[in-house]
Amino acid sequence: KEAEAALKRSNRELEELNRKMTLHGNFLQALLDSIPVPVFYKDAQFRYLGCNEAFNRITGLPSEALLGKTAREIWPRDFSEGYHQKDEDLLEDLREQEFEFQIAEKDGPVHDVIYRKNVFRDDRGRIAGIVGAMVEITERKKAEGALKRSEEQFRLLFEKAPMGYQSLDREGRLIMVNQTWLDILGYTRQEVIGKSFTDFMPEESVDLFQEAFFGLME
C-alpha cells in the first residue's frame, strides 16, 4: 500500500510538472507572438526550434514547416548559403551579429531586413543555439532607391541645364555649380568649389553683391 501511495504521489507530481511545463511553454509562445518583429531560435546544429507569428508571416511558412529543419532545407540556395554561413560565423566568434540581408518569402516577394542574432546557453553555460530577430526595411530600401533615382535625375537636369547655376553657403562660397556655368567661365570644378563667388565677379560689382547677399542671410 505504501508503494502504491508513493507511486500515486509520484504520478501526481509528474502530472503537475507537465502541467507547469505546458503552461510555461504556452506563456513563452504567447510572449513571442506578441512581439511585432519576426523572432526565431535554433539549436546548435542550426535546426529551427521555434518562431513567432511575425516570422511565419514574413516567410509565408507555418511553424510546422520550419521546426527541425535547417535553412538549407527550407530556403532557396541563393539565400540559404548566406544564412548558414552567418550561423556558423556566430557560433565560431560568439559575438552578436547585426547585418542587412534578404529573406525570400515562399512563393512570394523578397524582403529586405536587418538581422540581429546571438547565441543562448543551457543551464551549464554551454552554447545551446541561436536566437534571432529581424526588422523589415523593404519600404525604407524602396524609398532610398526612389530618392537616389530622384537625386540622379536632378543632377542630370542641373548639369545639362542651358543656363549656368551655382549654389553658395552662408559665407558666399561656392558649394555647387553646374557644367554649363563652368563652360561659360572656362574653369574646372576643382578650381571653383570652396572659393568665394566674388572671386569670379567684376570688382565694381562686389560691394553690391555682398550687400544683397548678406542682407538675405540676416
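Everything numeric here is computed off the predicted structure, so don't read it as measured data.

Draft legend 1. Up close: the nonpolar core. F55, L66, W75, I103, Y115 and M134 are the most contacted members of the largest nonpolar core, which has 18 residues in total. The element contributing the most residues to this core is strand β3 (residues 97-104), with three residues. V177, L182, F197 and F213 belong to the second largest nonpolar core, which has eight residues in total.

Draft legend 2. Summary view of the pattern of salt bridges. According to the stated counting rule, one finds 16 salt bridges in the structure shown. Note that D87 is salt-bridged to K42, the shortest N-O span being 2.7 Å. One end of the pair, D87, is in helix α4 (residues 77-93); the other, K42, is in strand β1 (residues 39-43), with 45 residues separating them in the sequence. In this structure, the salt-bridge partner of K141 is E100, at a minimum N-O distance of 3.2 Å. One end of the pair, K141, is in helix α5 (residues 138-160); the other, E100, is in strand β3, and 41 residues separate them in sequence. It is possible to trace a salt-bridge network through shared partners that takes in E100, R140, K141 and E144.

Draft legend 3. Spotlight on α4. With 17 residues, α4 should cover 24 Å at 1.5 Å per step; its first-to-last C-alpha distance of 24 Å lies within 8% of that length. Listed as buried for α4 are F79, S80, Y83, H84, D87 and L90. Along the axis of α4, the buried positions cluster into a sector of 130°, meaning they face one direction only. Every exposed residue of α4 that faces more than 90 degrees away from the buried side is listed here: R77, D78 and E92. Those residues of α4 hidden inside the fold are in contact with β1, α3 (71-74), β3, β4 (110-121) and β5 (127-136). L94 occupies a position one or two residues after α4 and carries a positive phi of about 60°.

Draft legend 4. The pairing of strand β7 (residues 174-177), seen in detail. Here strand β6 (residues 166-168) runs beside β7; their pairing, made up of three bridges, is antiparallel. The partner of S167 across the bridge, within β7, is M176. Following β6, the chain reverses through five residues before pairing antiparallel with β7; G172 in that reversal takes a positive phi of roughly 85°.

Draft legend 5. View of α5. An ideal rise of 1.5 Å per residue puts 33 Å on 23 residues; α5 measures up with 33 Å between its terminal C-alpha atoms. All of the buried residues in α5 are T138, F158 and E159. Residues of α5 that are buried sit in contact with β4, β5, β7, α6 (179-185) and α7 (189-192).

Draft legend 6. Just unusual backbone geometry, in detail. Positive phi values are uncommon outside glycine, yet F46 reaches one of about 70°. Within the element layout of this structure, F46 appears in the loop between β1 and β2 (48-51). The phi torsion at L94 lies on the positive side, around 60°, for a residue other than glycine. One can find L94 in the loop between α4 and β3. Owing to a relative accessible area of 37%, L94 belongs among the partly exposed residues under this scheme.

Draft legend 7. Quick look at the confidence of the model for the protein chain. Across the protein chain, the average pLDDT comes to 86, with 92% of residues at or above 70. Mean pLDDT across the elements of the protein chain ranges from a minimum in helix α1 (residues 2-34), with 73, to a maximum in β1, with 94.

Draft legend 8. Quick peek at the packing of aromatic side chains. A full pass over the atoms with the stated rule returns 16 aromatic pairs. When the centroid spacing of 5.2 Å and the interplanar angle of 55° are considered together, the rings of F197 and F209 count as tilted. With F197 in the loop between α7 and α8 (203-217) and F209 in helix α8, this residue pair connects regions lying 12 residues apart in the sequence. For F197, a relative accessible area of 16% puts it in the buried group.

Draft legend 9. Representation of a negative patch on the surface in the model. There is a patch of like negative charges on the surface, built from E203, E204, D207 and E211. Considering the arrangement of structural elements, one finds E211 in helix α8. The class for E211 is exposed, based on a relative accessible area of 62%.

Thresholds, definitions, all that
- Residues numbered from 1 in each chain as written.
- Predicted model: local features only at pLDDT ≥ 70, side-chain atom pairs only at ≥ 80, totals over all residues.
- Heavy atoms only, no water.
- Core = buried A, V, L, I, M, F, W, Y, C linked by side-chain atoms within 4.5 Å.
- Buried < 20%, exposed > 50% of the residue type's maximum accessible area, 1.4 Å probe, protein only.
- Helix = DSSP H or I, 4+ residues; strand = E, 2+ residues; numbered from the N terminus.
- Salt bridge = Lys/Arg side-chain N within 4 Å of Asp/Glu carboxyl O.
- Expected span 1.5 Å × (residues − 1).
- Arc of directions from axis to C-beta.
- Contact = heavy atoms within 4.5 Å.
- Pairing = 2+ DSSP bridges.
- pLDDT = per-residue confidence, 0-100.
- Phe/Tyr/Trp six-rings, centres within 6.5 Å; stacked < 30°, edge-to-face > 60°.
- Patch = residues over 30% accessible without salt bridge, like charges linked within 9 Å, V, L, I, M, F, W, Y side chains within 5 Å.
- Areas by Shrake-Rupley, 256 points an atom, 1.4 Å probe, with all protein chains shown as cover.
- Lys, Arg positive; Asp, Glu negative; His and termini not counted.
- Charge placed at Lys NZ, Arg CZ, Asp CG, Glu CD.

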